[in-house]
Amino acid sequence: MTISESSGLSRRTLFRTTATAGAAAAAASVLRPDAASAQPAEVPPHDAHETPAANPLSGAVPTPEKYFGFRIGSDGNLATWDKMVPYFKLVAQRSNRVTYEELGRTTLDNEYVLLTISSPRNLANLDRLVEINSRLADPRGLSEADAQELARAGKPFYFVQAGIHSTEVGNSQATLEWVHRLATERSAYVEKILDNLVILLVPCQNPDGLVLVNDYFVATAGTSYARTYPDLYHRYTGHDDNRDWFMLTQVETKLNLCIQNRYHPQVFQDSHQAGSGAPRMFTPPYLSPYDPNIDPITVQQTDALGMAMQRGMTAAGMKGVGWGMEYDYWTPSRQYGVYHHSVRILTEAASCSNLAYPLVSDKPIGDQESTISFIEPYDQKTWTLRQIVDYVSQAFYSGIEAVAYDGYNWLYNFYRVGRKAVTRTTPYAYVIPAGQRDPQAVRDALDILFQGAVELRQAESAFTAGGKQYPAGSYVVYLNQPYGGFAKTLLEVQHYPQLREYPGGPPQQPYDVTAQTLPMLLGFRADLVADAFSATTKPVREVKPPAVTVPPAPPAAGAYALGPESYGVFRIVSQLQRQDVPVFRAGAEFSDGGRTFPAGTFLVPPTEAARRVLQDGARATGIPVAAVPAVPRVAGAQLKPNTRIGLLKPANNIQAGWLSWIFDQYGVNYTTVKAPDYADLAGHFDAIVVPTGVSKSSITNGLNRNNYPPEWGWAFGVGEEGWAKLREFVTAGGTLVAYGSGANTAQQLFELPIRSVLPTDSSLFYCPGSLLSQEIDASDPVGWGMDPHNPVWFNEDRAYEITDPEKYPVHVVAKYPDSGDQLQSGWLIGGQYLNGAVNGLAWTVGEGYVVTFGSEIGFRTWNRAEEKMIFNAMYHGPSRKLAADQFQRLGR
């Protein structure tokens, strides 16, 4: 999972309280060691290189080695998806222990595969076993005696996925041997597991990436080219595809949720690889902290199962395995099942060299200090793909054995977690009031909760809760429901603990981010109500936007009006542009018919084409459309017809991938800026967006043309000449919008007179993925439609002071408050250093327009409320600026 090559064995090995409890619980239990080291006497240890006794009911199931022509994990060999899928189908055809199901198609139209593996009897009785799991997951109305009986009658479900990170190749390769062994071996060991467990196996969570990475690896064999695929291995998210477990944006995420929501597995194993210097294998227990919305039983079972894996590997003679390091149990961005009563078992095997070649060192690989959580350091100087396959296989078999041999407790504890969830008394509920400023934000939030199996209800009449009045149509999310914890962790404010290496010392860095408060990210209101209240509600069976109607067409001198408050409005704007409908924006607030329209309101001439687009857009988003009989006499702008957006996306830039996803959702007219485009940037683009992660080096150096085939020419470096061309594009009148570290690149390109005010010492200032206070100038075109106090997403970013306000005309769009608590959700050390610092700036550079944000206002598409400012800026820069009289005539 980590892309770092460091071992992570400094502060990351700190032995914390949460981990200790789980370790003790696991050590106290007496579980049979893994099959490879201590199978019953009549069952020899399994060797995937040999063929176990065949299942007489299955016909001839070839070994992976025979089918693929090489031993899985052998040096320089990777199985490809176009051969793996037929193999899985063949096994399912010939074995009565395996079923194959294509659940859907991926982003790039590959097969998304689920294999269900168990005894023939369990597979024949699968519907009943699923029914039992569902009943235990939602135990409302279930007595203790009935729950115990169901726990005795049911079978635990163990869901394991591999290959979500496609350059972490070992796990998906190993699944080929897992499937063959479980389908064919007739040992008492395997049969006992299959009699007492249902295994749900997704052999590749990201098939697109496996195709891209493994096919590229095979295609470049025997050449001088680099062997690792150089770009995002998921079209939109790349390595971030396992950071989508609460926003639920991607096709593959949704397919995975179908499995978790249907089968309600007790265990979810997420199989990964880490850097080559990491421990040879990590499993839980995790580091502190854990999200308090994860039930303590789930935390303890996670620890116990992880320790069973550790013991299995150690008993099998596998050195260099560890726990309680690097990874925590905090953010839902990396874990969905834990809020649905399932433990999450993260396994991380160390990587070898160049995907499939031995890693060779002149000394033993990895950390050599023995600790309680890293007992036996790895003492060899080589590490191979085959060893990765062996280690991950041992961990898997230890895991399924531990669950299969203790099925009753896994099922009964599953019920206990559900029982605690449905009997919660406080807090009571969240209320999402009707009639909010951004219907798209409310809809997106409701859709996330609905996909996450959270029960939603809508008020049929006005009611009072927590001393506040709420209108009919408001939504109520009661928390005493099976998955109320999922709703609570997404709707509440996060209070990450103040964890430091020592008092006053540097922070103990979280593995990922520390905040996920949806109301702040999306820009809507959700009120927590502690005590019970009465309301007449109905269940929400389908999430739909509020019904809106487009008013009659205004006279020729008037216009349709769209408010700028919703980020969803740019879906409509993009469609208007596609239909060549002129779009204008009012540069100041105006009033009509007793209603006040804010600066940035969109005005559209009343044509039939415009009406069709507005009707469809309003229906899809719930954004209301108004009509004004006369266009106001205010200064404004006309959007450039079919504005051409360029996305600076060097190879493997994750944030550019996320931004391309939102652009595709909105129908933005954009293309990636390619190396040949630099010869005439103005001929291709009106505005260029520079996301975080884009540096001067990634532009000028890019991919080395000597290391990649000619088809990668789009990502080759453009040199200093190209760098100068980018500068000329802007100074001659182009628009550039940069955020996060992309703002540093813009600063370098134009020598912008800004300086970071934040200490570089993390013991003084530190903010890892949190939501902070911000003041936005909603009268500036970049801030049009914004809530002036919309929080800012801050992820180890920069905050500035302007050092020379005379160098370029500049306007402050967004800044941090001069005083007060800067933290709104997450974790912040040294917030006082932000006082009065600037964040968003709009510059005039030559004839061009440059907008910079020190923060990541487009982070993984999570913070969509402030991400709207990217759209404001990239459309405003190229727009035609109109004086009041011109605007009143709509440019005519």
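The structure we're discussing is the one just above.
In this report, the structure presented in the accompanying data block is examined.

A word on the overall build of the protein chain
- A tally of regular secondary structure across the protein chain gives 26 helices and 40 strands.
- For the protein chain, whose C-alpha radius of gyration is 29 Å, the value lies close to the compact-globule estimate of 29 Å for 892 residues.
- Taken over 892 residues, the protein chain has a buried fraction of 62%.
- Within the protein chain, contacts between residues at least 6 apart in sequence are counted, and of these 81% link residues at least 24 apart.
- In the protein chain, 74 side chains carry a positive charge and 88 a negative one; their mean positions are 4 Å apart.

Thoughts on the sheet that holds strand β34 (residues 792-794)
- Ordered by their spatial adjacency, three strands build an open sheet running β34-β32-β37, and the pairing between neighbours is antiparallel. In the strand order of this sheet, the two ends are held by β34 and β37 (823-825), each with one partner. The sheet shows a mean angle of 45° between the axes of neighbouring strands, taken without regard to direction.
- The pairing of strand β32 (residues 770-772) with β34 spans three bridges and is classified as antiparallel. Residue pairing across strands places S770 opposite F794, the latter belonging to β34.

Observations regarding helix α4 (residues 81-94)
- Look at α4: 20 Å from first C-alpha to last across 14 residues, which is about the 20 Å you get at 1.5 Å a residue.
- Looking only at α4, the buried set comprises W81, M84, V85, Y87, F88, L90, V91 and A92.

Topic: the pattern of salt bridges
- This structure, assessed with the given rule, holds 31 salt bridges.
- Residue E102 is joined to R105 by a salt bridge in which the shortest nitrogen-to-oxygen separation is 3.2 Å.
- Overlapping salt bridges bring together D240, R243, D512 and R860 as one network.

Quick look at the nonpolar core
- In this structure, F524, F663 and M874 are the most contacted members of the largest nonpolar core, which totals 103 residues.
- Ignoring any residue separated from it by four or fewer positions in sequence, one finds F663 in contact with I645, V668, Y670, V689, F871 and M874.
- By size, the runner-up hydrophobic cluster in this structure holds 77 residues, among which are I72, A183, I193 and Y391.

Here's the deal with helix α16 (residues 484-491)
- By the criterion of burial, α16 is predominantly enclosed, with eight of the eight residues buried.
- For α16, the set of buried residues is G484, G485, F486, A487, K488, T489, L490 and L491.

Re the packing of helix α12 (residues 296-315) against helix α13 (residues 385-404)
- Running from N to C, α12 and α13 point in directions that differ by 130°, and their axes come no closer than 8 Å. The angle between α12 and α13 falls in the class oblique. Handedness of the crossing formed by α12 with α13: right-handed. Across the interface between the two elements, L305, A308, M309, G312 and M313 of α12 pack against Y391, Q394, A395, S398, G399, A402 and V403 of α13.
- Partitioning the contact of α12 with α13 into residue classes produces eight nonpolar, four polar and no charged.

Regarding unusual backbone geometry
- Cis geometry marks the peptide bond from P284 to P285, where omega comes out at 10°.
- As for its placement among the helices and strands, P285 is situated in the loop between β6 (281-282) and β7 (287-290).
- A positive phi angle is found at D580, which is not glycine, with a value near 60°.
- Of note, D580 is situated in the loop between α18 (569-578) and β21 (584-586).
- A relative accessible area of 62% places D580 in the exposed class.
- A positive phi angle is found at E751, which is not glycine, with a value near 55°.
- Note on placement: E751 falls in the loop between α24 (741-750) and β31 (754-756).
- Residue E751 is classed as exposed on the basis of its relative accessible area, which comes to 57%.

Quick notes on the sheet that holds strand β24 (residues 602-604)
- The six strands are arranged β25-β20-β24-β21-β26-β40 in an open sheet whose pairing can be described as antiparallel. Of all strands in the sheet, those bounded by a partner on one side alone are β25 (625-628) and β40 (880-882). Averaged over all adjacent pairs, the angle separating strand axes in this sheet is 30°, with direction ignored.
- Pairing of β21 with β24, which is carried by two bridges, proceeds in the antiparallel orientation. For F584, the partnering residue across the bridge sits in β24 and is L603.
- Across the sheet, α18 touches β20 (559-562), β21 and β24, and the angle it forms with β24 is around 30°.

Here's the deal with the packing of aromatic side chains
- Considering all chains together, one arrives at 48 aromatic pairs under this definition.
- Measuring from centroid to centroid gives 4.5 Å for Y286 and Y329, while their planes differ by 40°, and the two rings are tilted. Here Y286, found in the loop between β6 and β7, pairs with Y329, found in strand β9 (residues 328-329); they are 43 residues apart in sequence, far enough to count as distant.
- Consider the rings of W793 and W862, whose centres lie 5.6 Å apart with planes at 80°: the pair is edge-to-face.

Here we look at the side chain of R344
- As for its placement among the helices and strands, R344 is situated in strand β10 (residues 343-350).
- Of note is the side chain of R344, whose polar atom sits 3.0 Å from the side chain of D270.

Quick notes on the environment of L194
- On the secondary structure map, L194 appears in helix α9 (residues 188-195).
- Remark: the alpha-carbon pair of L194 and R97, spanning 97 residues in sequence, is separated by 8.3 Å.
- Non-local contacts of L194, meaning those with residues more than four positions away in its chain, are made with R97, I117, S118, S119, N122, L182 and I199.

Concerning the pairing of strand β13 (residues 429-432)
- Here β13 shows a buried face lined by A429 and V431 and a second buried face lined by Y430 and I432.
- As defined by bridge partners, β13 adjoins strand β18 (residues 527-529) across three bridges and the pair is classed as antiparallel. Paired with V431 across the two strands is D527, which belongs to β18.

Things to note about the pairing of β10
- Along β10, eight of the eight residues are buried, which leaves the element largely enclosed by surrounding structure.
- Residues V343, I345, T347 and A349 line one face of β10 and the alternating positions R344, L346, E348 and A350 line the opposite face, and both faces are buried.
- As defined by bridge partners, strand β5 (residues 267-274) adjoins β10 across eight bridges and the pair is classed as parallel. Looking at β10, one finds that V267 is bridged to V343.
- Looking at chain direction, β6 and β10 are connected through two bridges and run antiparallel.

Brief notes about the state of the cysteines
- One pass over the structure, following the stated rule, counts zero disulfides.
- No disulfide involves C352; its sulfur sits 17 Å from that of C204, the nearest cysteine.
- Relative accessible area serves as the criterion here: at 10%, C352 is assigned to the buried category.

Rules of the game
- Residues numbered from 1 in each chain as written.
- Predicted model: local features only at pLDDT ≥ 70, side-chain atom pairs only at ≥ 80, totals over all residues.
- Heavy atoms only, no water.
- Helix = DSSP H or I, 4+ residues; strand = E, 2+ residues; numbered from the N terminus.
- Rg over C-alpha atoms; globule rule 2.2 N^0.38 Å.
- Buried < 20%, exposed > 50% of the residue type's maximum accessible area, 1.4 Å probe, protein only.
- Contact = heavy atoms within 4.5 Å.
- Lys, Arg positive; Asp, Glu negative; His and termini not counted.
- Charge placed at Lys NZ, Arg CZ, Asp CG, Glu CD.
- Pairing = 2+ DSSP bridges.
- Axes fitted to C-alpha atoms, helices over the stretch in contact; angles between N-to-C directions.
- Expected span 1.5 Å × (residues − 1).
- Salt bridge = Lys/Arg side-chain N within 4 Å of Asp/Glu carboxyl O.
- Core = buried A, V, L, I, M, F, W, Y, C linked by side-chain atoms within 4.5 Å.
- Parallel < 35°, antiparallel > 145°, perpendicular 65-115°, else oblique.
- Left-handed = near helix turned anticlockwise from the far one by under 90°.
- Nonpolar A, V, L, I, M, F, W, Y, C, P; charged D, E, K, R; others polar.
- Phe/Tyr/Trp six-rings, centres within 6.5 Å; stacked < 30°, edge-to-face > 60°.
- Polar contact = N/O pair within 3.5 Å; in protein donor to acceptor, adjacent residues only side chain to side chain.
- Disulfide = S-S within 2.5 Å.

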